[in-house]
Amino acid sequence: MPVIAPVPAARPARIPNQRDGAEDGVAAGTSVDHLTETYRAHYRSLLGLAALLLDDTASCEDVVQEAFIRVHSARKRVRDPEKTLAYLRQTVVNLSRSALRRRILGLKLLSKPMPDMASAEEGAYDQLERDSLIKAMKGLQRRQREVLVLRYFADMTEAQVAETLGISLGSVKAYGSRGIAALRLAMEAPA
């Protein structure tokens, strides 16, 4: 069950009207309409991004919804509407990491192992990639997997991947080439 932390209420929330930005002389940031259009246009791709980083559909949906909630809450800070999608992608990656950390901690605290059951993730993965590719992707290091997912699934440039993950361009290239080499070996190995 995902944990949703409440947003601290430092100031009472108010709904901005169209005159707010004009009266203050300050850019209003990303509008609700722009965020709605971004949701319509990119929800599925962000869900796919989360599916490649996480392992079950429900968690992926939770992560993407939480990302949109956080961007909506911080929409005035995203001054350039063109950066809204990049901000969403980075938020999805960060929330996916947090979800995995919580899951690992939960597994460490379990007193007995969970029974082997078929998971709901297989349906989502069948639509995204072949099972052998997913299995090989899971065998990669976390950074290699993140770089390959952002570079080839999200179709980001190396510079965008570097900015999203907060690493250097050289690191993106190194993780990418090592990840592809590891995938090639895993895919060529007999099952």
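Under an unreviewed UniProt entry, the name given to the chain is SigE family RNA polymerase sigma factor, and the organism recorded is Streptomyces indiaensis.

This part is about the overall build of the chain. Across its full length, the chain holds nine helices and zero strands. For the chain, the N- to C-terminal ordering of α and β elements is α-α-α-α-α-α-α-α-α. Out of the 191 residues in the chain, the part that is buried amounts to 32%. Residue pairs at least 24 apart in sequence account for 68% of intrachain contacts in the chain once pairs closer than 6 positions are excluded. Accessible surface, the chain as shown: approximately 12,900 Å² in total, 55% of it carbon and sulfur.

Once that is clear, we can look at the nonpolar core. Counting 37 residues, the largest nonpolar core has Leu49, Val64, Val92 and Leu150 as the members making the most contacts within it. Of all the elements in the fold, those that place two or more residues in this core are α2 (32-53), α3 (57-73), α4 (84-109), α6 (131-138), α7 (142-153), α8 (158-165) and α9 (169-188). Discounting residues that sit within four places of it in the chain, Leu150 has contacts with Leu49, Val93, Asp155, Met156, Val161, Thr164 and Leu165.

Take α3 next. Counted at 1.5 Å a residue, the expected span for α3 with its 17 residues is 24 Å, and the 24 Å between its end C-alpha atoms agrees. Buried residues of α3: Ser59, Cys60, Val63, Val64, Glu66, Ala67, Phe68 and Val71, and no others. The inward-facing, buried residues of α3 contact α2 and α4.

Attention now moves to unusual backbone geometry. Non-glycine residue Asp155 carries a positive phi angle of around 60°. One can find Asp155 in the loop between α7 and α8.

The residue Glu66 is located in helix α3 in this model. The class for Glu66 is buried, based on a relative accessible area of 14%. Distance in space between the C-alpha atoms of Glu66 and Val92 is 8.3 Å, their sequence separation being 26 residues.

Further remarks concern the side chain of Ser96. Position of Ser96 among the secondary structure elements: in helix α4. Of the residues examined, Ser96 reaches a relative accessible area of 1% and is grouped as buried. Those residues in contact with Ser96, other than ones at most four positions away along the chain, are Ala50, Leu53, Leu54 and Val63.

Okay, the pattern of salt bridges next. Close approach of charged atoms allows side chains of opposite charge to pair. Taken as a whole, this structure holds seven salt bridges when the rule is applied. In this structure, Arg70 engages Glu66 in a salt bridge whose closest nitrogen and oxygen atoms are separated by 3.0 Å. Here Arg70 pairs with Glu66, and both are found in helix α3, just four residues apart, close to one helical turn. One salt-bridge network, in which partners are shared between bridges, spans Arg97, Arg142, Arg143 and Glu146.

Cut-off values and rules
- Residues numbered from 1 in each chain as written.
- Predicted model: local features only at pLDDT ≥ 70, side-chain atom pairs only at ≥ 80, totals over all residues.
- Heavy atoms only, no water.
- Helix = DSSP H or I, 4+ residues; strand = E, 2+ residues; numbered from the N terminus.
- Buried < 20%, exposed > 50% of the residue type's maximum accessible area, 1.4 Å probe, protein only.
- Contact = heavy atoms within 4.5 Å.
- Areas by Shrake-Rupley, 256 points an atom, 1.4 Å probe, with all protein chains shown as cover.
- Core = buried A, V, L, I, M, F, W, Y, C linked by side-chain atoms within 4.5 Å.
- Expected span 1.5 Å × (residues − 1).
- Salt bridge = Lys/Arg side-chain N within 4 Å of Asp/Glu carboxyl O.

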